[in-house]
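# Structure assessment
Here is what each chain is made of, one letter per residue.
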Protein chains: 2
Amino acid sequence: MRTLEVALGDRSYPIYIGAGLLRRGEWLTRHLDTGQVMIVTNATIAPLYLEALKAQLVGYQVGTVVLPDGEEYKTMDSAMLIWDALLDHRFSRQAHVVALGGGVIGDLAGFAAACYQRGVPFVQIPTTLLAQVDSSVGGKTAVNHRRGKNMIGAFHQPRCVIADTDTLATLADREFRAGLAEVVKYGLIRDAEFFAWLEQRMEALLRRDPESLAFAIERCCRNKAEVVAADERESGERAMLNLGHTFGHAIEAGLGYGTILHGEAVAIGICQAADLSRRLGWLDQHEMNRIVSLFRRAGLPVVPPPLPTERYLDCMALDKKNTEEQIRFILLERIGRARLPSAVGMDLLRATLDEFGRTPAL
Amino acid sequence: MRTLEVALGDRSYPIYIGAGLLRRGEWLTRHLDTGQVMIVTNATIAPLYLEALKAQLVGYQVGTVVLPDGEEYKTMDSAMLIWDALLDHRFSRQAHVVALGGGVIGDLAGFAAACYQRGVPFVQIPTTLLAQVDSSVGGKTAVNHRRGKNMIGAFHQPRCVIADTDTLATLADREFRAGLAEVVKYGLIRDAEFFAWLEQRMEALLRRDPESLAFAIERCCRNKAEVVAADERESGERAMLNLGHTFGHAIEAGLGYGTILHGEAVAIGICQAADLSRRLGWLDQHEMNRIVSLFRRAGLPVVPPPLPTERYLDCMALDKKNTEEQIRFILLERIGRARLPSAVGMDLLRATLDEFGRTPAL
């Protein structure tokens, strides 16, 4: 088992990464203060892992909330179901919320924990690649609003993150590939050596070689932990984690949540951000090609489904990284180095959007 | 004008107390970073003060949300109306939320600000006595759930609190008296000298003598600021601010929100907590009489409307100050000294509830 620490003073917490951790309850129970535990999961994950987790909590007062699977359920209504369950169980402000599932479950359960009685402890048990490498670490929680993704949320750090790599074996192929988009992102924004490693090992990852997976997950978590420790509430450096997300969120919102996976939208969005970086003269064509080629090898889309340029601009105006009226982007100076939010001329932005809207022109 | 500082490190903020502050916009605008301001108020306050406030914000991009007046609107649905408005205005994470109203508006707007894009700055402009002395200071925000009061919320400190004492002139008598319950509370929990001052000056306060009001508001805020500075997230000492609130919340929930004012329920709840303290041998009968007599002079109820003992116990089991199954109370050692949460024998609790349920026996 690998252990990483996210260094956030009195909110510091460990990330445990390894095979079979779900069946070794001590990594969970050592972080519980009291006997009240509310497990939040979804209908896909529950039949696979819920009983195994509950078997580790004998003697605890355990409640469960099983939500439908999908980004379209990351809503205030779903959060309300969690609060209803906590109150139906008469759970106190010393209760714990445990998120068992992917990024949607983690964000939802984390938000519910952040607001229940003004904050109760929670634990992340991510079961998808995307959640293990990205969304379960860092304390961002949220629900979507019909006008924008993650518009209502809180910063709420977990007590610990337990990433059982065995759970990736049951992950649908499309979900697994979507997770690789965020893996590649870490190479791009601050770890050129890791990007090169990914170019070497993409086939091993795709056949889910356990050693390669564990290495990649740890490397991503280490990168994320460093960024989050330096800027917990995203006043600066942390924004680089949003590479590709301004485009990606617009694609998700423009198509309607649930149409495209978050990781797929991020892969396309990173290609668009890279294209914009190239137009600014920061990234060269060779690096651009390496990026697109790696996503292609991962089986990820690199051009968006048809979406008018005006629809993009409309959706982007609500992206959380905007300050007042300007649209700002995380861009790339080179592979392994992101540049913090930059205001971009509307002509360049339109050029990128038009090109991606027209044709798979890469 | 009087200025107090709530000392919370990088979350410190000032409380401005004085006549006519609503018409002196500089106390607000010095705390605004950008031009986006969403004012949240209610249908009672809007006709009185909304235009005066907006007149101070010429050149700003101002949105308004006017909610119905009343505790029964302190719900997630109302919070959603605020988020809808922020998104309809395309306000960014650099927008400000300004709460103009009483405790309900402050709690709601504060919660909406805490969660909008994971937290935007907010400003409290309390217009009731209760909000000026208590609810606008300290960063507690929340909405009610049908199963309990303030069950969903966040800690989110304001940028500043602007208490314009002129607004108290238009306050309905019943609302004003309800605010006095929290004023008396500060004397009881940690300021015996102030309690004695209140015994001297109750009639001056009731005729809303400006000097007496300003003194009382400052004294309450100073007490609250000290308590909050020592224990921002209520892990210990801050709980004393809840004197009378376990009983009070049960009365409010038991009767249905909106039937009784929060301050009225708190006055009764403090009498019940005092009775319980007396039964434990902490408070003597003379002190008990002084407390009840002061509430009576303030025109506040000291016995609850009929509510079965079992209904109390049912409502209390969900009070946020409970740790696991035990019901804990803030009690009084003497006037001017609260005792932190104590588990109380069920026999004593039933004795108090039965006595208050039966007759105005004080």
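All values derive from a computational prediction rather than experimental measurement. (Residues numbered from 1 in each chain as written. Chains lettered and ligands numbered in written order. Predicted model: local features only at pLDDT ≥ 70, side-chain atom pairs only at ≥ 80, totals over all residues. Heavy atoms only, no water.)

We now examine the relation of the copies chain B and chain A. Structural alignment of chain B on chain A gives an RMSD of 0.0 Å, achieved by rotating through 180 degrees and translating 0.0 Å along the axis. Interpreted geometrically, this transformation is the action of a two-fold axis. Comparing contact sets, 100% of the residues at the interface of chain B also lie at the interface in chain A, consistent with an isologous, same-surface contact. (Least-squares fit on C-alpha atoms with pLDDT ≥ 70 in both. Contact = heavy atoms within 4.5 Å.)

Mapped onto the present numbering, the UniProt feature "domain: 3-dehydroquinate synthase N-terminal" (unreviewed entry) falls on residues 65–177 of chain A. What you have in residues 65–177 of chain A is 34% helix and 28% strand, and the ends, taken at the C-alpha atoms, are 27 Å apart. (UniProt positions renumbered as here; feature names shortened; annotations may be inferred. Helix = DSSP H or I, 4+ residues; strand = E, 2+ residues; numbered from the N terminus.)

Here we take up the environment of Cys220 of chain B. Residues and elements named next belong to chain B. Mapping Cys220 onto the fold places it in helix H8 (residues 210–230). Classification of Cys220 as buried rests on a relative accessible area of 0%. For the pair Cys220 and Gln157, spaced 63 residues apart in sequence, the C-alpha to C-alpha distance is 18 Å. Leave out the neighbours within four places in its chain, and Cys220 touches Val133, Val183, Tyr186 and Phe194. (Buried < 20%, exposed > 50% of the residue type's maximum accessible area, 1.4 Å probe, protein only.)

Attention shifts here to the packing of helix H9 (residues 245–255) of chain B against helix H12 (residues 309–316) of chain B. Residues and elements named next belong to chain B. At a closest axis distance of 9 Å, the pairing of H9 and H12 adopts a crossing angle of 110 degrees. Considered as vectors, H9 and H12 are oriented roughly perpendicular to each other. For the pair formed by H9 and H12, the contact residues are Thr246, Phe247, Ala250, Ile251, Ala253 and Gly254 on the first element and Arg311, Tyr312, Cys315 and Met316 on the second. Classifying every residue of the contact of H9 with H12 by side-chain character gives seven nonpolar, two polar and one charged. (Axes fitted to C-alpha atoms, helices over the stretch in contact; angles between N-to-C directions. Parallel < 35°, antiparallel > 145°, perpendicular 65-115°, else oblique. Nonpolar A, V, L, I, M, F, W, Y, C, P; charged D, E, K, R; others polar.)

A common way to state how big an interface is: give the accessible area lost once the parts meet. With 42 residues of chain B in contact, the opposing surface of chain A contributes 42 residues. Both faces combined, the contact of chain B with chain A buries some 3900 Å², and carbon together with sulfur accounts for 49% of it. Summed over the shared surface of chain B and chain A, the number is eight salt bridges. Of the charged contacts, one joins Asp88 of chain B and Arg147 of chain A as a salt bridge, the two residues approaching to 2.7 Å between their closest N and O atoms. Here chain B is connected to chain A by 16 residue pairs in polar contact (both at pLDDT 80 or more). (Buried area = accessible area lost by both parts, 1.4 Å probe. Salt bridge = Lys/Arg side-chain N within 4 Å of Asp/Glu carboxyl O. Polar contact = N/O pair within 3.5 Å; in protein donor to acceptor, adjacent residues only side chain to side chain.)

Here we take up the side chain of Ser277 of chain A. Locating Ser277 of chain A in the fold gives a position in helix H10 (residues 262–279). When neighbours within four sequence positions are excluded, Ser277 of chain A is seen to be in contact with Trp282, Leu283, Leu331 and Leu332 of chain A.

Residues and elements named next belong to chain A. Given a rise of 1.5 Å per residue, 13 residues ought to cover 18 Å, and the 18 Å separating the end C-alpha atoms of helix H3 (residues 76–88) matches this to within 8%. Of all the residues in H3, the buried ones are Met76, Ser78, Ala79, Ile82, Trp83, Asp84, Ala85, Leu86 and Leu87. Of the residues flanking the end of H3, it is Arg90, one or two places downstream, whose phi is positive at about 55 degrees. (Expected span 1.5 Å × (residues − 1).)

Let's shift gears to the packing of aromatic side chains. Residues and elements named next belong to chain A. All chains considered together, the criterion is met by twelve aromatic pairs over all chains. Ring pairs connect the aromatic residues Phe194, Trp197 and Phe215, which therefore count as one cluster. Residue placement shows Arg339 over the ring face of Trp282; its charged tip is 3.9 Å from the ring centre. (Phe/Tyr/Trp six-rings, centres within 6.5 Å; stacked < 30°, edge-to-face > 60°. Lys NZ or Arg CZ within 6 Å of the ring centre and 35° of its normal.)

All names here are of chain A. Here strand S9 (residues 161–164) shows a buried face lined by Val161 and Ala163 and a second buried face lined by Ile162 and Asp164. Strand direction decides the pairing type here: strand S2 (residues 13–18) and S9, joined by four bridges, are parallel. Opposite Ile17, over in S9, you have Ala163 as the bridge partner. (Pairing = 2+ DSSP bridges.)

Residues and elements named next belong to chain A. Taking 1.5 Å as the rise per residue, helix H11 (residues 285–297) with 13 residues should run 18 Å; its terminal C-alpha atoms sit 18 Å apart, in good agreement. Next to the buried residues of H11 lie helix H6 (173–190), helix H7 (192–206), H10 and strand S10 (328–334). Among the residues of H11, the N-terminal cap falls to Asp284, whose side-chain oxygen and the backbone nitrogen of His286 are separated by 3.1 Å. Looking one or two residues past H11, Gly299 carries a phi angle of roughly 75 degrees, positive in sign.

Residue and element names in this part refer to chain A. With six of its six residues buried, strand S5 (residues 96–101) lies for the most part within the structure. As paired strands, S5 and strand S6 (residues 122–126) are joined by five bridges and run parallel to one another. Bridge pairing links Leu100 to Ile125 in S6. For the crossover that starts at S5, traverses helix H4 (residues 103–115) and ends in the parallel S6, the hand is right-handed. (Right-handed = clockwise from strand over helix to strand, strands pointing away.)

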